[in-house]
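Summary of structural features
For reference, the chains in residue letters:
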Amino acid sequence: MALTSNAVKLPRVPVGEWFDSLVTWCTDNLSWLFDGIGSAIESSVDGLTDALNLLPPLGLTLVLAVLALAISGWKLGVFTILGFLLIDSMELWEPAMDSLALVIVSALVSTVLAVPIGIAAARSDMVSRIVRPVLDFMQTMPAFVYLIPAIFFFSIGSVPGVVATVIFAMPPGVRLTELGIRGVDPEMVEAGEAFGTPPNRILTRIQIPLAMPSIMAGINQLIMLSLSMVVIAGMVGAGGLGGEVLEGINRVDVAKGFEGGIAVVVLAIYLDRLTGALSGGPGMLRALFARGRAATGRGAAGRGAPVMAGTAGQIDTAGSAADSSAGS
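Position labels on residues start from 1 in each chain and follow its written sequence. Restriction of local features to residues with pLDDT of at least 70 applies here, the model being predicted, together with a cutoff of 80 or more for giving and counting side-chain atom pairs; totals for whole chains, interfaces and linings are based on all residues. For side-chain calculations, the full set of non-hydrogen atoms in the structure is used, while hydrogens and water are omitted.

**Some remarks on the overall build of the protein chain**
- Per the convention used, a helix needs a DSSP run of H or I reaching at least four residues, while a strand needs a run of E reaching at least two, with both numbered from the N terminus. Helix and strand counts for the protein chain come out as 15 helices and two strands.
- Residue exposure (1.4 Å probe, protein chains only): buried if accessible area is under 20% of the type maximum, exposed if over 50%, otherwise partly exposed. Buried residues in the protein chain amount to 40% of all 328 residues.
- We call two residues in contact whenever any of their non-hydrogen atoms come within 4.5 Å of each other. Taking the intrachain contacts of the protein chain between residues at least 6 apart in sequence as the baseline, contacts between residues at least 24 apart amount to 76%.
- Approximately 17700 Å² of the protein chain is accessible, and the part contributed by carbon and sulfur atoms is 67%. Each accessible area value is a Shrake-Rupley result obtained with a 1.4 Å probe; residue values ignore everything except the protein chains displayed when judging cover.

**Quick word on the packing of helix H1 (residues 15-29) against helix H7 (residues 143-154)**
- To get an axis, fit a line to the C-alpha atoms, keeping to the stretch in contact for a helix; angles then go from 0 to 180 degrees between the N-to-C directions. Two elements in contact, H1 and H7, have axes separated by 10 Å at closest approach and are oriented at 25°. Taken together, H1 and H7 sit at an angle that is classed as roughly parallel. Where H1 crosses over H7, the handedness of that crossing is right-handed. The residues of H7 that touch H1, namely those facing Phe19, Val23, Cys26 and Thr27, are Pro149, Phe152 and Phe153.
- Residue classes follow a fixed rule: Ala, Val, Leu, Ile, Met, Phe, Trp, Tyr, Cys and Pro count as nonpolar, while Asp, Glu, Lys and Arg count as charged, and any other residue, Gly among them, counts as polar. Residue classes in the contact of H1 with H7 are distributed as six nonpolar, one polar and no charged. Put simply, angles under 35 degrees are roughly parallel, angles over 145 are roughly antiparallel, angles from 65 to 115 are roughly perpendicular, and the rest are oblique. It is the rotation of the near helix from the far one that decides the hand of a crossing: anticlockwise by less than a right angle makes it left-handed, clockwise makes it right-handed.

**Concerning the nonpolar core**
- Throughout, nonpolar core names a set of buried Ala, Val, Leu, Ile, Met, Phe, Trp, Tyr and Cys residues whose side chains join them through atoms within 4.5 Å. Among the nonpolar cores identified, the biggest contains 77 residues, and Phe84, Ile87, Met97, Leu241 and Tyr270 are the most heavily contacted of them.
- For this core, the leading source of residues is helix H5 (residues 93-123), giving 13 residues.
- Ignoring anything within four residues of it in the chain, the contact list for Met97 reads Thr49, Leu52, Asn53, Leu60 and Phe84.

**Details of the pattern of salt bridges**
- Take a side-chain nitrogen of Lys or Arg and a carboxyl oxygen of Asp or Glu: if they are within 4 Å of each other, that pair is a salt bridge. Using the criterion set out here, one finds seven salt bridges in the structure.
- Note that Glu17 is salt-bridged to Arg12, the shortest N-O span being 3.4 Å.
- Residue classification places Arg12 among the exposed positions, given a relative accessible area of 64%.
- Where Glu178 meets Arg182, a salt bridge forms, and the shortest distance between an N and an O atom there is 3.0 Å. Residue Glu178 and its partner Arg182 are located together in helix H8 (residues 158-182), separated by four residues, close to a single helical turn.
- When its relative accessible area of 12% is taken as the criterion, Glu178 is described as buried.
- What emerges from the salt-bridge pattern is a single network uniting Asp125, Glu178 and Arg182.

**Thoughts on unusual backbone geometry**
- One non-glycine residue, Glu91, adopts positive backbone phi at about 60°.
- Note that Glu91 resides in the loop between helix H4 (74-89) and H5.
- With phi around 55°, Val252 is a residue other than glycine that occupies positive phi space.
- The residue Val252 is located in the loop between helix H12 (240-250) and helix H13 (254-279) in this model.

**Some thoughts on the confidence of the model for the protein chain**
- When pLDDT is averaged across the protein chain, the result is 80; 83% of the residues are at 70 or more.
- Within the model, the stretch residues 281-286 combines pLDDT values under 50 with 17 contacts to residues more than four positions away or in other chains.
- Taken as a whole, residues 300-328 scores under 50 in pLDDT and shows 40 contacts with residues more than four places along the chain or in a different chain. Confidence of the predictor at the level of single residues is captured by pLDDT, which takes values from 0 to 100.

**As for helix H9 (residues 186-194)**
- Residues Met188, Val189 and Gly192 constitute the buried set of H9. Angular distribution of buried residues about the axis of H9 spans 100°; they occupy a single face of the element. Among the exposed residues of H9, those oriented more than 90 degrees off its buried face are Pro186, Glu187 and Ala194.
- Just beyond H9, the residue with positive phi is Gly196, at close to 80°. Relevant arc is that of directions from the helix axis to the C-beta atoms, nothing else.

**Considerations on a nonpolar patch on the surface**
- Residues enter patches when they are more than 30% accessible in relative terms and free of salt bridges; like-charged ones are connected within 9 Å and nonpolar ones (Val, Leu, Ile, Met, Phe, Trp, Tyr) within 5 Å. Where nonpolar side chains cluster on the molecular surface, the patch consists of Leu58, Leu62, Leu69, Trp74, Val78, Ile81, Leu82 and Leu85 and spans about 740 Å² of accessible area.
- Among the secondary structure elements, those contributing two or more residues to the nonpolar patch are helix H3 (57-71) and H4.
- Broken down by element, the nonpolar patch gets its largest block of residues, five residues, from H4.
- Given the relative accessible area of 35%, Leu85 is considered partly exposed.

**Considerations on H7**
- Each residue after the first adds 1.5 Å to the expected span of a helix. For H7, with twelve residues, the first-to-last C-alpha span of 17 Å sits near the 16 Å given by 1.5 Å per residue.
- Looking only at H7, the buried set comprises Ala143, Tyr146, Leu147, Pro149, Ala150, Phe153 and Phe154.
- Buried-residue contacts for H7 involve H1, helix H2 (31-52), helix H6 (125-140), H8 and helix H11 (230-234).
- Positive backbone phi, at 65°, marks Ser155, one or two positions downstream of H7.

**Considerations on the packing of H1 against H2**
- Between H1 and H2, the shortest axis-to-axis distance is 5 Å and the interhelical angle comes to 80°. By the angle between their axes, H1 is roughly perpendicular relative to H2. Where H1 abuts H2, its residues Cys26, Thr27 and Asn29 lie against Ser31, Trp32 and Phe34.
- Counted by class, the contact of H1 with H2 contains three nonpolar, three polar and no charged residues.

Here is the structure:
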């Protein structure tokens, strides 16, 4: 006999009601905590926005161009001047600075949370097994869903936008940090242990420096995901370029929406190339640092200090060897 649609009816599981009860309980009992977090985030975003607006658009453009020139090279420097002058000419400078401040604060908070969690996951299989499904949940949940509890906890404005952005952007930072730490050559770690280096110094002197390209790639992805949340954050009153794009959508104003999108693209390219250069691209500032490290390494080698050569550069273990000798 063919089964009809009413033949089997499963009882409804009130997952939504349970979550609503949890949010209500948190709002009633943890309001002091959310008020503190909201005040800290709001003051950070407002302070950074004011700092970015201290200089006139042309002055800040030159500062950002010099930074791009020092870290990445002349191509990004030229793009920075042309791109940010374009933003100013479209009369979107203030919204762009609002969005840049929101992205920077979100990226900093995400990095501060993601890197230690990634290091803990790399050093403990149990932590890794616990963290992995949580990250899967954070990455697959639609970004709009994060805004619902954020609005309940923090009302509307830049704070729920930052909170939702942090939750949405954290997973790549955690995953790539763990991947980088676990990918360090075990022989490098064994060499550090042979000098009697304590585990914490092995982490800071060997594993993190060698894993830095992977960690920086995670931070780069984290920043890009933060930028992708700009428009969504505009839906909860975060303002900035997201508010401009949202206004263009509501008014069916193609020109306004397109100009806001172009400004977001300029910010995305600038931040992407800047953070990408820190991990692997050519750059004048990094070349100066490399020459300084090479000179320091030659001096240490001349004094007989043990120096280990790794794939990511030279790591001076003289300090850790001296510490272990003093301890023994």
